[in-house]
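Chain and residue survey
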Amino acid sequence: MSAVTHYLELKRKILDRRLLEFGIQPYLAYILAPLLFFFISFLLFYKTEYAVYIYSTLALSYLFQFSNKKKSDFLELYFKKEAFKKIRIVENALVVLPFVIFLLFKMHFMWALGLTLFALGLSFFKGKANSNLHLPTPFGKYPYEFATGIRKLFPFYLGILFLLLMAVSVGNYNLGLFALAMVPFLCMNFYGELENPFYVWIYNKSPMDFLKHKALVASFYLCLLSLPVFIVLAFVFPEMIKISIAVFVLSFGYLASYIVFKYVRFPQQQNFAQIVLLTLSYLFPPLLIVTVGYYIGKAKLNLQEYLK
Amino acid sequence: MIEIKNLQKWYGAKEVLKGIDLALEEGKVYGIVGENGAGKTTLFRCIAGLEDYEGEVLSPYVPLKESLGFLTTIPFFFDRMKGREYIQLISVARGNADVDIDGQNIFDLPLDQYAENYSTGMKKKLALTAILMQENAIYILDEPFNGVDIQSNLIIAEIIRKLKELGKTILISSHIFSTLSDACDKICVLKEGKIVQEIEPKDFPQLEKDMREESSLEIIRKLNLR
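Cut-offs applied
- Residues numbered from 1 in each chain as written.
- Chains lettered and ligands numbered in written order.
- Predicted model: local features only at pLDDT ≥ 70, side-chain atom pairs only at ≥ 80, totals over all residues.
- Helix = DSSP H or I, 4+ residues; strand = E, 2+ residues; numbered from the N terminus.
- Rg over C-alpha atoms; globule rule 2.2 N^0.38 Å.
- Buried ≥ 20, exposed ≤ 12 C-beta atoms within 10 Å, placed from the backbone.
- Contact = placed C-beta atoms within 7 Å.
- Expected span 1.5 Å × (residues − 1).
- Arc of directions from axis to C-beta.
- Domains from an automatic or database assignment.
- Pairing = 2+ DSSP bridges.
- Axes fitted to C-alpha atoms, helices over the stretch in contact; angles between N-to-C directions.
- Parallel < 35°, antiparallel > 145°, perpendicular 65-115°, else oblique.
- Left-handed = near helix turned anticlockwise from the far one by under 90°.
- Nonpolar A, V, L, I, M, F, W, Y, C, P; charged D, E, K, R; others polar.

Looking at the overall build of chain A
- When you go through chain A residue by residue, the secondary structure sums to 13 helices and zero strands.
- Starting at the N terminus and walking to the C terminus, you meet the elements of chain A as α-α-α-α-α-α-α-α-α-α-α-α-α.
- In summary, chain A has a C-alpha radius of gyration of 21 Å against a globular reference of 19 Å for 308 residues, a match within 12%.
- The proportion of buried residues among the 308 residues of chain A is 27%.
- Within chain A, counting contacts between residues at least 6 apart in sequence, those at least 24 apart form 72% of the total.

Here's what the structure looks like:
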């Protein structure tokens, strides 16, 4: 077995372990994931004419998440030069492949080609481990999720603002509403990484107060990020203000519920059942009252171990 | 011999290594000391080829990294990867698939547990075990004693002596002076990106004394401990 094959086989084993921990059999996930991916892709392209932009942004976001500098250093240090390049190319190609197939299916040939070339080009790009440049953020007072999250993912916030700009310039309210709805989902990413339990333990709060504190900080900072989008929509599309307000308010509920769900199994990742329930609740928001009500008790119980 | 000539490294506008010159001979142990942020890790990363730099790193081993065992300050592990798989991956990557992992598990590590769940010291020991299983000519050990228990520290010190006997070139950084003074043939003092002193063993006690005086009393006074 070549070094590259050994590495890819190990990565498959690791993925299987994560899927099992997530509560889903790997073979089932390998069947369901492509079906789900193509279903969501169809839905996106059916709903908006700007799907190709959103779609490519999503592909690039996955690609950048894969280009982790520490991982890249590790591979570069131990693998021979050719093997290292092969790994980077194969990994990047695997990430963009489903997107490229669907773009080809939808006859967006130039986008498919552009995405493929970008993915291959990124395989040869060496990121920087250290930099003295730090993006200043207004989120320093209550560390750490928003401050670190926005530094990692600020291009996506710029992407959201770009979508808003396009929505305004072409007078497409739905695109603007989509941009507003994307903000809480971007912020959920800030909370996606599980912190060391030490960062929970340091709080001198009861589990309920801890969750309240986290949700309040998240809501305040979410407000800073989504308010500019909301204000622009309110001014440009005043006749749609009620829908804008509904989405704006709902985004706080979404983010707060995500925080509650995060701490149910902390320091382990959420499992499949939780993600399904959370997704269903997001699709049918009144359900959030029941699911959050149920999971808040579990999160409190789980946090007791760290907040004694 | 590995020769480092006028090595310079910039992070943006900040010059972190300001023309490093070093000659590393076979069968010798070199220590690098300096405050946090002096540039030790950056120097090691440049030698390993993980950073772009100006200047030269001349070596009879081309490419150098294929003969290099680099123990980083914080070793990298994939999530959900067992200790055994970590060693296997490095061994296969280096074209050395037939290593006796259990036989060479000198630190008695629980190799069938996920490496991410190891303690700091265990992670360090796992990474060190993995690089020792490869036939390297040069070793760069960045803080090898950090977080490691006393017994294992003694084993690591003994390993360094054995590697030296085998004619390997070793470069170590450590904040524990005694570990360096026991093992090194030369200690280089790195300050603000420059090597300001190269000390021979006879002058190690004086270096330790100077470092203590420079670092302790006045600085502790600033803390205003009550």
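Thoughts on the interface of chain B and chain A
- Facing the 19 residues of chain B at the interface are 21 residues of chain A.
- Counting residues per element, the side of chain B that touches chain A draws most heavily on helix α2 (residues 83-93) of chain B, which supplies five residues.

Focus on helix α4 (residues 150-165) of chain B
All names here are of chain B.
- Compared with the 22 Å implied by 1.5 Å per residue over 16 residues, the 23 Å span of α4 between its first and last C-alpha is a close match.
- Residues of α4 that are buried: Ser152, Ile156, Ile160 and Leu163. Along the axis of α4, the buried positions cluster into a sector of 90 degrees, meaning they face one direction only. What points out from α4, more than 90 degrees from its buried face, is the exposed set Ile150, Gln151, Leu154, Glu158, Lys162 and Glu165.
- Each element contacted by the buried residues of α4 is listed here: β3 (29-33), α3 (120-132), β6 (138-142), β7 (169-173) and α5 (177-183).
- Glycine 167 occupies a position one or two residues after α4 and carries a positive phi of about 85 degrees.

Considering the domain arrangement of chain A
Residue and element names in this part refer to chain A.
- Taken as a whole, chain A is organised into domain 1 (3-123) and domain 2 (146-304).
- With centres defined by C-alpha atoms, the gap from domain 1 to domain 2 works out at 25 Å.
- At the junction of the two partners, domain 1 supplies eight residues and domain 2 supplies 10 residues.
- Looking at the side of domain 1 that touches domain 2, the elements with two or more residues in it are α1 (3-22) and α3 (51-66).

Details of the sheet that holds strand β8 (residues 186-191) of chain B
Residue and element names in this part refer to chain B.
- Read across the sheet, six strands follow the order β5-β6-β7-β3-β8-β9 without closing on themselves; strand pairing throughout is mixed. With partners counted over all chains shown, the strands left at the sheet margins are β5 (68-71) and β9 (194-199), one partner each. Pairs of neighbouring strands in the sheet enclose a mean axial angle of 15 degrees, with direction left out of account.
- Note that β5 and β6 share four bridges and pair parallel. If you follow phenylalanine 70 over to β6, its bridge partner there is isoleucine 140.
- Docked against the sheet, helix α1 (residues 40-48) engages β3, β5, β6, β7 and β8, running at close to 155 degrees with respect to β6.

Re helix α5 (residues 81-105) of chain A
Residues and elements named next belong to chain A.
- If you check α5, its first and last C-alpha atoms are 35 Å apart, about what 25 residues at 1.5 Å a residue would give, namely 36 Å.
- The complete set of buried residues in α5 reads Phe84, Ile87, Arg88, Asn92, Val95, Val96, Phe99, Val100, Phe102 and Leu103.
- Buried residues in α5 make contact with α1, α2 (26-47), α3, α4 (69-78) and α6 (109-123).
- Downstream of α5 by one or two residues, methionine 107 has phi in the positive range, about 65 degrees.

Some thoughts on the environment of B:Leu132
All names here are of chain B.
- Position of leucine 132 among the secondary structure elements: in helix α3.
- Using a count of 18 C-beta atoms within 10 Å as the deciding quantity, one classes leucine 132 as partly exposed.
- Along the chain, leucine 132 and leucine 109 lie 23 residues apart, while their C-alpha atoms are 15 Å from each other.
- With residues near it in sequence (within four places) discarded, leucine 132 still touches Gly69 and Ile159.

Remarks on the packing of α1(A) against α2(B)
- Contact geometry for α1(A) and α2(B): axes closest at 9 Å, N-to-C directions at 160 degrees. One finds that α1(A) runs roughly antiparallel with respect to α2(B). Pair α1(A) / α2(B) crosses with left-handed handedness. Here A:Ala3, A:His6, A:Tyr7 and A:Leu10 of α1(A) come into contact with α2(B), specifically with B:Glu85, B:Leu89, B:Val92 and B:Ala93.
- Each residue belonging to the contact of α1(A) with α2(B) can be placed in one class, and the counts come to six nonpolar, one polar and one charged.

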